[in-house]
Amino acid sequence: MYLTPEEERIMVGESGPTLQKAMEILVALGDIYEADRLIPIKSAQIAGVSYKTMGDAGLEWISDLEGKVQVPSILNPAGMDLERWQEMGVSAEFAEKQQEIIEAYGSLGIEVQCTCTPYYLQSFSATYGDHLAWSESSAVSYANSVIGARTNREGGPSALCAALVGKTANYGYHLDENRTPELMITVDCELEPSDYAVLGYIAGKAAGKRVPLFRMQSTPHRDQLKALGAAMAASGAVALYHVEGVTPETRRKYFEPPAEQLTIERSQIDEVYETVSGDGITECDSAAVGCPHCSPEELEDVAAKLEGKVVDNNVWIFTSREVAASNPKLVESIEKSGAKVLCDTCMVVSPATDKFSHMAVNSGKAYAYLPGMCKVAATIANIDKCMEKGGGAHSD
């Protein structure tokens, strides 16, 4: 892999041990995937933030690093709401370790916003064709597919290395030839808003790591595309997909329909709604919305669904701190019901989820991950049914 004279100097340690190690990791990845060079990136989004998944070893590694990131960089969700962790039932010991992780990242110049939807933030835009180093699976899918930017599904360490150097290796989805569809998926029914999460759960299992091209009767908007991609990234490993006439690359170029074809029918979607993921002997004792984090429009939808109602069980609505701060009336309206609008975290990466046995969610990603990562059964439903089945919502 070709390195510029400046990159070679970093490689031999002239800019210090942290940048040297970062460059070594980037070059090793480039060699593995036969990259020709490093390319500049516009931003980085770094996973490996929750103490639940990082542990003490991850904290020690982050704490030993020195230097500052070279591009705008942001964090993935942490293991708790950084301000309301006690309300979630998180222990003081966990909170102390989590804050240490956040401070260690902050010392590197990373913006301390913990969200899986960085594309909603005013200060963190990405546009068509931008090269990025993002690592959260749903954010990667959204960037590649909905925005038309270019990023591989980075690991937390490789995304951090790219942020410190300001570059990443030129391979994978940074290259035109790897963005071509490999599987044609025809959706043989009209879709309701909540169906996109279920469709993604089914499609991800079929696609694996391949790039699917969807032919749909319905026209999804950005939040539905977000739900579709997040579910495919969780049930499979899809980091890029196309929807004919909707996603930006299909509007700019013609893709020959792939030889391999798959049709998804209404009955398959309905079957997922009727199936509990994990051990679902018990009734739902909780509900959560916002995996990935809610947009302002989704907060508005939740507020409308809960208007004039009271919830009996734990109901968590997750969003970024910036989106919550920009929509205080929606947050207030939601919390009148007894539901909590939480920031910085989600049900998948927080140890607070472990106290539940069965959670109602509107997310294909959460539906796929909760049984394995939290030992919590999951039922997937639209927001109305989540509030009723999981939250016990009823009229005031």
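Looking up the chain in an unreviewed UniProt entry gives the name Phosphomevalonate dehydratase large subunit, with the organism given as Methanohalophilus portucalensis FDF-1. According to the UniProt record, the Subunit (unreviewed entry) comment for the chain is "Heterodimer composed of a large subunit (PMDh-L) and a small subunit (PMDh-S)."

## Digging into the packing of helix α3 (residues 51–63) against helix α5 (residues 92–106)
Viewed as axis vectors pointing N to C, α3 and α5 meet at an angle of 45°, and their least axial separation amounts to 10 Å. Between α3 and α5, the angle falls in the class oblique. Between α3 and α5 lies a crossing of left-handed hand. Of the residues in α5, those in contact with Tyr 51, Lys 52, Met 54, Asp 56, Leu 59, Ile 62 and Ser 63 of α3 are Phe 94, Lys 97, Gln 98, Glu 100, Ile 101, Ala 104 and Tyr 105. Taken together, the residues of the contact of α3 with α5 sort by class into eight nonpolar, two polar and four charged.

## Things to note about empty space enclosed by the protein
This model, assessed by the stated rule, comprises one cavity of 30 Å³ or more. Thr 18, Lys 21, Ala 22, Ile 25, Trp 61, Leu 65, Cys 161 and Leu 164 together form the lining of the largest cavity. Breaking the lining of the largest cavity down by element, the ones donating at least two residues are α2 (17–32) and α7 (156–165). Class assignment of the residues belonging to the lining of the largest cavity gives a composition of six nonpolar, one polar and one charged.

## Let's talk about the domain arrangement of the chain
Domain boundaries assigned for the chain yield domain 1 (3–172), domain 2 (181–272) and domain 3 (275–393). With centres defined by C-alpha atoms, the gap from domain 1 to domain 2 works out at 28 Å. Counting residues at the interface gives 15 residues for domain 1 and 17 residues for domain 2. Of the roughly 1,300 Å² buried at the junction of domain 1 and domain 2 (both faces included), carbon and sulfur atoms supply 55%. On the domain 1 side of the interface with domain 2, the three residues burying the most area are Tyr 120, Tyr 128 and Ser 145, jointly 38% of the side's total. At the boundary of domain 1 and domain 2, one finds zero salt bridges.

## Examining α3
Compared with an ideal rise of 1.5 Å per residue, which puts 13 residues at 18 Å, α3 spans 13 Å between its outermost C-alpha atoms and falls more than 12% short. The sharpest bend along α3 comes to roughly 65°, located at Ala 57. Taken together, the buried positions of α3 are Tyr 51, Met 54, Gly 55, Gly 58, Leu 59 and Ile 62. Structurally, the start of α3 carries an N-cap: the backbone nitrogen of Lys 52 is 3.1 Å from a side-chain oxygen of Ser 50.

## Comments concerning unusual backbone geometry
Across the junction of Cys 291 and Pro 292, the peptide omega takes the value 5°, indicating a cis bond. Along the chain, the position of Pro 292 falls in strand β11 (residues 286–294). Positive phi values are uncommon outside glycine, yet Asp 344 reaches one of about 75°. Relative to the helices and strands, Asp 344 resides in the loop between β14 (340–343) and β15 (358–361). Located in the positive-phi region is Lys 375, a residue other than glycine, with phi close to 60°. Note on placement: Lys 375 falls in the loop between α15 (364–374) and β16 (377–380).

Rules of the game
- Residues numbered from 1 in each chain as written.
- Predicted model: local features only at pLDDT ≥ 70, side-chain atom pairs only at ≥ 80, totals over all residues.
- Heavy atoms only, no water.
- UniProt positions renumbered as here; feature names shortened; annotations may be inferred.
- Axes fitted to C-alpha atoms, helices over the stretch in contact; angles between N-to-C directions.
- Helix = DSSP H or I, 4+ residues; strand = E, 2+ residues; numbered from the N terminus.
- Parallel < 35°, antiparallel > 145°, perpendicular 65-115°, else oblique.
- Left-handed = near helix turned anticlockwise from the far one by under 90°.
- Contact = heavy atoms within 4.5 Å.
- Nonpolar A, V, L, I, M, F, W, Y, C, P; charged D, E, K, R; others polar.
- 1 Å grid on protein atoms, 1.4 Å probe; cavity = no way out; pocket = protein on both sides within 12 Å on 5 of 7 lines; lining within 4 Å.
- Points joined across faces, edges and corners; volume = space filled by probe spheres on them.
- Domains from an automatic or database assignment.
- Buried area = accessible area lost by both parts, 1.4 Å probe.
- Salt bridge = Lys/Arg side-chain N within 4 Å of Asp/Glu carboxyl O.
- Expected span 1.5 Å × (residues − 1).
- Bend = angle between axes of the 7 residues up to and from the residue.
- Buried < 20%, exposed > 50% of the residue type's maximum accessible area, 1.4 Å probe, protein only.
- Polar contact = N/O pair within 3.5 Å; in protein donor to acceptor, adjacent residues only side chain to side chain.

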